[in-house]
Amino acid sequence: MSTLNNPNLIYESPATILQHLIRFNTTNPPGDEADCIAYIEELLHQAGIETTIVAKENDRPNLIARIKGSGAAPPLLLYGHVDVVGVDKQVWSHDPFGGEIHDGYIWGRGSLDMKGGIAMMVSAFLRAHGERTHLQGDIILAIVSDEEAGGDLGASFLVDNYAKYFEGVEYAIGEFGGFSFQVSGRSFYPIMVAEKQVCWLRATLRSEGGHGSLGQQNGCMAQLGKLLQSLNSAKLPIHATPAATYMIESMAAALPAIAGMVLRGLLHPSRTDLILKLLGDKGKLFQPLLRNTVSATVVRGGEKINVHPSEIIVELDGRLLPGFTSEQFIAELRKHIIQDDVELEVIRYEPIPAKPNMGMFKLLSDVLTEADGAAIPVPMLLPGGTDARHFARLGIQTYGFLPMRLPEDINFSALIHAADERVPVTAIDFGAQAIFRVLERYGKA
Ligand SMILES: [Zn+2]
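Please read all numbers here as calculations on a predicted model, not as lab measurements.

### Brief notes about the overall build of the protein chain
Next, step 1: Broken down by element type, the protein chain carries 13 helices and 20 strands.
Next, step 2: Taken over the C-alpha trace, the protein chain has a radius of gyration of 24 Å; the compact-globule value for 445 residues is 22 Å, and the two agree within 12%.
Next, step 3: In terms of its C-alpha atoms, the protein chain occupies a principal-axis envelope of roughly 85 × 55 × 45 Å.
Next, step 4: Within the protein chain, the proportion of its 445 residues that are buried is 53%.
Next, step 5: Long-range contacts, defined as pairs at least 24 residues apart, comprise 78% of the intrachain contacts of the protein chain with a sequence gap of at least 6.
Next, step 6: As displayed, the protein chain has an accessible area near 19300 Å², and 52% of this comes from carbon and sulfur atoms.
Next, step 7: Seen as two clouds, the 38 positive and the 51 negative side-chain charges of the protein chain have centres 7 Å apart.

### Section: the coordination of the zinc ion
Next, step 1: The protein atoms that coordinate the zinc ion are His 81 (NE2), Asp 113 (OD), Glu 175 (OE) and Glu 175 (OE), at distances spanning 1.9 to 2.6 Å.
Next, step 2: Geometry at the zinc ion is irregular, judged from the four donor atoms that bind it and their angles of 54 to 152° at the metal.
Next, step 3: Counting along the primary sequence, the residues that act as donors to the zinc ion give the motif H-x31-D-x61-E. Taken as a pair, His 81 in strand 5 (residues 76-81) and Asp 113 in the loop between strand 7 (105-107) and helix 3 (115-130) lie far apart in primary sequence, 32 residues in all.

### Topic: empty space enclosed by the protein
Next, step 1: Scanning the entire structure with this criterion turns up one cavity of 30 Å³ or more.
Next, step 2: As a volume, the largest cavity reaches approximately 120 Å³.
Next, step 3: As for the largest cavity, its lining consists of Leu 112, Glu 175, Phe 176, Gly 177, Phe 179, Leu 402, Met 404, Leu 406, Phe 412, Ser 413 and Ile 416.
Next, step 4: Residue composition of the lining of the largest cavity, grouped by class: eight nonpolar, two polar and one charged.

### Describing the sheet that holds strand 14 (residues 293-301)
Next, step 1: Spatially, four strands are ordered 14-16-12-17 in an open sheet, and the strand pairing comes out antiparallel. Two strands close off the open sheet at either side, each with one partner strand: strand 14 and strand 17 (343-350). Sheet twist, expressed as the mean angle between neighbouring strand axes with direction ignored, is 20°.
Next, step 2: The strands touched by helix 5 (residues 220-233) are strand 12 (197-206), strand 14 and strand 16 (311-320); relative to strand 16, the strand with the most contacts, the crossing angle is about 15°.
Next, step 3: Against the sheet, helix 10 (residues 326-336) touches strand 12, strand 14, strand 16 and strand 17, its axis set at about 140° to strand 17.

### Some words on the domain arrangement of the protein chain
Next, step 1: Each assigned domain of the protein chain is listed here: domain 1 (2-176 + 386-441) and domain 2 (197-350).
Next, step 2: Using only C-alpha atoms to locate each centre, domain 1 and domain 2 end up separated by 34 Å.

### Side note on the layout of surface pockets
Next, step 1: As a volume, the largest pocket reaches approximately 1100 Å³.
Next, step 2: For the lining of the largest pocket, the secondary-structure elements that each account for two or more residues are strand 10 (181-183), strand 11 (186-195), helix 6 (242-254), helix 7 (257-264), helix 9 (281-286) and strand 18 (375-382).
Next, step 3: It is helix 9 that provides the largest number of residues to the lining of the largest pocket, a total of five residues.
Next, step 4: Two domains each provide a minimum of three residues to the lining of the largest pocket, namely domain 1 (2-176 + 386-441) and domain 2 (197-350).

### Remarks on the pairing of strand 16
Next, step 1: Within strand 16, eight of the ten residues are buried, which leaves the element mostly enclosed by the surrounding structure.
Next, step 2: Pairing geometry for strand 12 and strand 16, over ten bridges, is antiparallel. Pairing of Val 198 across the sheet is with Arg 319, part of strand 16.
Next, step 3: Here strand 14 pairs with strand 16 via eight bridges, running antiparallel. By the bridge assignment, Arg 300 is partnered in strand 16 with Ile 313.

### Structural notes on the pattern of salt bridges
Next, step 1: A complete count under the given rule lists 22 salt bridges for this structure.
Next, step 2: For Glu 311, the salt bridge identified is with Arg 206, shortest N-O distance 2.6 Å. Taken together, the positions of Glu 311 in strand 16 and Arg 206 in strand 12 put the pair 105 residues apart, joining distant regions of the chain.
Next, step 3: Relative accessible area serves as the criterion here: at 36%, Glu 311 is assigned to the partly exposed category.
Next, step 4: In this structure, Arg 389 and Glu 350 form a salt bridge, with 2.3 Å as the shortest nitrogen-oxygen distance.

### Comments concerning the pairing of strand 9 (residues 171-174)
Next, step 1: Judged by which residues are buried, strand 9 turns out to be covered on both faces: Tyr 171 and Ile 173 on one side and Ala 172 and Gly 174 on the other are all buried.
Next, step 2: Pairing of strand 5 with strand 9 involves three bridges; the strand directions are parallel. Across the sheet, Leu 78 pairs through a bridge with Ile 173, a residue of strand 9.
Next, step 3: In terms of strand pairing, strand 9 meets strand 19 (residues 397-400) through four bridges, oriented parallel. Paired with Tyr 171 across the two strands is Gln 397, which belongs to strand 19.

### Points about the environment of Ser 250
Next, step 1: Checked against the element boundaries, Ser 250 lands in helix 6.
Next, step 2: Assessed through its relative accessible area of 24%, Ser 250 is described here as partly exposed.
Next, step 3: Measuring from C-alpha to C-alpha, the distance between Ser 250 and Pro 379 comes to 7.5 Å, with 129 residues separating the pair along the chain.
Next, step 4: Apart from residues lying up to four places away in sequence, Ser 250 is in contact with Val 378 and Pro 379.

Parameters at a glance
Residues numbered from 1 in each chain as written. Predicted model: local features only at pLDDT ≥ 70, side-chain atom pairs only at ≥ 80, totals over all residues. Heavy atoms only, no water. Helix = DSSP H or I, 4+ residues; strand = E, 2+ residues; numbered from the N terminus. Rg over C-alpha atoms; globule rule 2.2 N^0.38 Å. Buried < 20%, exposed > 50% of the residue type's maximum accessible area, 1.4 Å probe, protein only. Contact = heavy atoms within 4.5 Å. Areas by Shrake-Rupley, 256 points an atom, 1.4 Å probe, with all protein chains shown as cover. Lys, Arg positive; Asp, Glu negative; His and termini not counted. Charge placed at Lys NZ, Arg CZ, Asp CG, Glu CD. Donors = N, O, S within 2.8 Å, 3.2 Å for Na, K, Ca; no water. Tetrahedral: all angles 85-135°; square planar, octahedral: opposite > 155°, others 65-115°. 1 Å grid on protein atoms, 1.4 Å probe; cavity = no way out; pocket = protein on both sides within 12 Å on 5 of 7 lines; lining within 4 Å. Points joined across faces, edges and corners; volume = space filled by probe spheres on them. Nonpolar A, V, L, I, M, F, W, Y, C, P; charged D, E, K, R; others polar. Pairing = 2+ DSSP bridges. Axes fitted to C-alpha atoms, helices over the stretch in contact; angles between N-to-C directions. Domains from an automatic or database assignment. Salt bridge = Lys/Arg side-chain N within 4 Å of Asp/Glu carboxyl O.

Rendered as structure tokens:
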């Protein structure tokens, strides 16, 4: 607990806020985020901040709040999701919904993804309000439901129906990034500036059906076999997009000369695959950042043991580098993997611009290097997806920036969505402080 300028207002520490947030079981599905969001709403109301709740479904609300700046800079958006993934069949050392502190860590589902980040944002937001920080732009806080299931009731719903609350916003702070990550003794802090685009496809294979007793060659079962084999063995071409180039160039510049040279080689398509192989396990991190990928994840077809199916559907999880269109992707698939007789249909495509807007990157880097003298902030392209893709539809550039200085001996990425997810108490304080510094300095020359 700390008291700020106004002695009547007592703020919860970010760590305490996080403990409370973890205790609301917001496993999605079903989500049930209402109580968790009501808790945040109550914290804001106690501080005298007005809130707006909008919901597509009543028990899946989204909260928006705003504090005023001078108007010298456009509004800045802070956003995060309170839903979490489940803990099914996972064995935990401490109650995943207990928010307990042991050995300096806050344990629980969502401590990293991303209730820890929400605790930082809410606490920095309350502090800026409580200390009457001189802000250049309004600060908008959006706490949303449903990110883990695609955001249809959360960020996507807000963007489609309540864009008016985000008018004029150019930049946003969200997940995923800002944590320390050791490579060759260097403390990199990757800040997400772009993510890959979702492009889900439905492939349909057709052939004549018929009675199982009559036998069949080259029917859709055989085509299915061919398709799955080719998806497994073929690789799509390498592309050095701006986001991956920023990321690899900045990491290379901070590494010893030879290591830097090897890393830069990734950006030359004729050498990429060889270097990926040389990098071994580390190569696996870079591989999806340099090409579009496609994975067969669902197969539907065949109903009766004595009937040849006349149709088989295969769902393909396509992930595109920023800026690629679904047409370009399908053309690549046709050329390298998928035969012409397979019908392909786009079932979901969520575009991300080819080139991230790096306008706020320097401020975020400066805040990190001031907080940790050894920090090397680097831009990051994320292979997965976040709510950033929805806000991108409003032209908003998200930076994944939930700063955490993390101990070297634990692989934190491996704890996300996994058992024993936990975060050092000190990392949450570090992040809350860093985000507050960003609010303070945003828009000042
Ligand atoms: Zn998340």
